[in-house]
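Breakdown of the fold
Each chain, written out:
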Amino acid sequence: MANTKAEIGTGSIYEQLGFKDHKEMETKSILVMEIAKAIKKKKITQTAAAKILSISQPKLSGLLNGHFRGYSVERLIQFLNELGKDVDIVVKTKPRNRRARVNVYHSNGETRLSTAIAAKGKY
């Protein structure tokens, strides 16, 4: 342990780990955290939550433990709706001095993800 180095990273952990789809994975991780918060706030078991979401409890457990690669962003949004949560998507014009980006916010309003999207053509 004496020779072990630790480095504080910035940005997406998924990008630092070399995932090609790091932006999507970061978005999914935020949605999964919101699903976990919704379940906790409802004070229900994973079994009860899984029934609401029409998936098995082991699949829900895996999802809540970060195994979300088999789920689309749309499906995770559907899960939030089924748990009684609104999900708002806002499209607006970007300033001319930066690239287009996607922001995903936690329910407390804190920005969790802000990533530039490689846009083809001129926008």
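Placed above this text is the structure.
Let me begin by describing the structure that accompanies this report. Each chain carries its own residue numbering, running from 1 in the direction its sequence is written. Restriction of local features to residues with pLDDT of at least 70 applies here, the model being predicted, together with a cutoff of 80 or more for giving and counting side-chain atom pairs; totals for whole chains, interfaces and linings are based on all residues. Side-chain calculation: all heavy atoms of the structure are included, whereas hydrogens and water are not.

As a further point, take the overall build of the protein. Per the secondary structure count, the protein includes five helices and two strands. Along the protein, helices and strands appear, N-terminal first, in the series α-α-α-α-α-β-β. In the protein, buried positions account for 28% of the 123 residues. In the protein, once contacts between residues fewer than 6 apart in sequence are set aside, the share between residues at least 24 apart is 51%. We count a stretch as a helix when DSSP gives it H or I for four or more residues in a row; a strand needs E for two or more, and each element gets its number in order from the N terminus. Think of it in three bands: with a 1.4 Å probe and only protein chains considered, a residue is buried below 20% of the maximum accessible area for its type, exposed above 50%, and partly exposed in between. Throughout, a residue-residue contact means that at least one pair of heavy atoms, one from each residue, lies within 4.5 Å.

This part is about the nonpolar core. Among the buried residues, those of types Ala, Val, Leu, Ile, Met, Phe, Trp, Tyr and Cys that are joined through side-chain atoms within 4.5 Å form a nonpolar core. With 21 residues, the main nonpolar core has Ile35, Ile55, Leu60, Leu63, Leu76 and Phe79 as its most contacted residues. Ranked by the residues each element gives to this core, the list is headed by helix H2 (residues 22–42), at six residues. Those residues within four positions of Leu60 in sequence are excluded, and the remaining contacts are Ile39, Gln46, Ala49, Ala50, Leu53 and Ile55.

Below, the discussion takes up a nonpolar patch on the surface. A grouping of Val87, Ile89 and Val91 is seen on the molecular surface, where their side chains present a nonpolar patch of about 320 Å² in accessible area. Topologically, Val87 is positioned in the loop between helix H5 (73–82) and strand E1 (101–105). Exposure remark for Val87: the relative accessible area of 30% places this residue in the partly exposed category. The residues that make up patches have over 30% relative accessible area and no salt bridge, and they are joined within 9 Å when like-charged or within 5 Å when they are Val, Leu, Ile, Met, Phe, Trp or Tyr. Shrake-Rupley sampling with a 1.4 Å probe provides the accessible areas, and residues are treated as covered by the protein chains on show and by no other component. A carboxyl oxygen of Asp or Glu within 4 Å of a side-chain nitrogen of Lys or Arg is what we treat as a salt bridge.

Enumeration over the complete set of coordinates arrives at two salt bridges. For the salt bridge of Lys28 with Glu24, the shortest nitrogen-to-oxygen distance reads 3.3 Å. With Lys28 and Glu24 both in helix H2, this residue pair falls four residues apart, about one helical turn. For Lys28, a relative accessible area of 6% corresponds to the buried category. The class of Glu24 is partly exposed, set by a relative accessible area of 37%. With a closest N to O distance of 3.4 Å, Glu34 and Lys37 form a salt bridge. Taken together, the positions of Glu34 and Lys37, both in helix H2 and three residues apart, correspond to about one turn of that helix. For Glu34, a relative accessible area of 10% gives the class buried. On the accessibility criterion, Lys37 (38% relative accessible area) is partly exposed.

Bringing the packing of H2 against helix H4 (residues 57–64) into the picture now. Angles run from 0 to 180 degrees between N-to-C directions of axes, and those axes are lines fitted to C-alpha atoms, restricted for helices to the stretch in contact. Put simply, H2 and H4 touch, their axes get as near as 9 Å, and they point 120 degrees apart. The angle between H2 and H4 falls in the class oblique. Across the interface between the two elements, Val32, Ile35, Ala36 and Ile39 from H2 touch Leu60, Leu63 and Leu64 from H4. Partitioning the contact of H2 with H4 into residue classes produces seven nonpolar, no polar and no charged. Roughly parallel means an angle under 35 degrees; roughly antiparallel, over 145; roughly perpendicular, 65 to 115; everything else is oblique. In this count, Pro and Cys sit with the nonpolar residues alongside Ala, Val, Leu, Ile, Met, Phe, Trp and Tyr, while Asp, Glu, Lys and Arg are called charged and the others, Gly among them, polar.

Quick look at H2 now. A helix is expected to span 1.5 Å for every residue after the first. Taking 1.5 Å of rise per residue, 21 residues should cover 30 Å, and H2 covers 30 Å from first to last C-alpha, within 8% of that figure. Where H2 ends, the next residue or the one after it, Lys43, has phi of about 55 degrees, a positive value.

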